[in-house]
Amino acid sequence: MKIGIDIDDVVADFSGKFRNFYNSVFENGNKFKSYDGIRLSEFWGVSEEKVLEILEDFYKSELFLEISPLPGAKNSLGILSNSNDLVAVTNRPTYLREKTLGWVEQHYKGIFKKVLFNGNKHRDYSKSKAQTCLDKGLGVLVDDHASILRDCYDKGVGVILFDQPWNRDAKDLDEFRARDWSHVLDILKKQNEHSRIF
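Residues numbered from 1 in each chain as written. Predicted model: local features only at pLDDT ≥ 70, side-chain atom pairs only at ≥ 80, totals over all residues. Heavy atoms only, no water.

(A) Spatial organisation of unusual backbone geometry. A positive phi angle is found at Asp 9, which is not glycine, with a value near 65 degrees. Topologically, Asp 9 is positioned in the loop between β1 (2-5) and α1 (14-25). Taking relative accessible area as the criterion, Asp 9 reaches 7% and is therefore assigned buried. (Helix = DSSP H or I, 4+ residues; strand = E, 2+ residues; numbered from the N terminus. Buried < 20%, exposed > 50% of the residue type's maximum accessible area, 1.4 Å probe, protein only.)

(B) Representation of the environment of Gly 102 in the model. With respect to the secondary-structure elements, Gly 102 resides in helix α6 (residues 97-108). Through-space distance from the C-alpha of Gly 102 to that of Leu 65 is 9.3 Å; in sequence the pair is 37 residues apart.

(C) Structural view of the pattern of salt bridges. Under the criterion given, the structure shown has ten salt bridges. Between Glu 53 and Lys 50 there is a salt bridge; the shortest N-O distance is 3.8 Å. Here Glu 53 and its partner Lys 50 are both found in helix α3 (residues 48-60), three residues apart, which amounts to about one turn of the helix. Salt bridges linked by common partners bring Asp 163, Arg 168, Asp 174 and Arg 177 together as one network. (Salt bridge = Lys/Arg side-chain N within 4 Å of Asp/Glu carboxyl O.)

This is the structure in structure tokens:
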């Protein structure tokens, strides 16, 4: 089976390092401790353009290069990659291609068959992740964004919602929610009990 895997906050602790970056750069008394799904512009009380500037600065920082893998991801993906083709599908900006490929090679060497850049994150997408999954023959997508997974589900792509604070209000996807990487394996096994997934 071909399985699509999002990178940020699914296999990489993007939000953890981004919080560290924000708190080290902006000493405005509004420490960024957690994110529960409201727009960052509302959370910080700034414009969308300012949010994009902050993200761009983070992408250029050393902290961006220090993003850690999420616990359990490497082991679980290693198990999955023995019998499946794993494809990373990201909405990171395409100008981060080299940094992203280097990070994937460093932390997940030999696990992903491909890394697909779906567009320019926070700007314009070249196409939806659902369309990318269909075009590339991906049977399942593991992602942390409910709206992306709803679109996939509506188009017949299997979905697993990787649990994060910002998606906890997506009760319609609770049956597909994985609390960690071992739970992702359990859900995949259950969804594909009639085929050899491992």
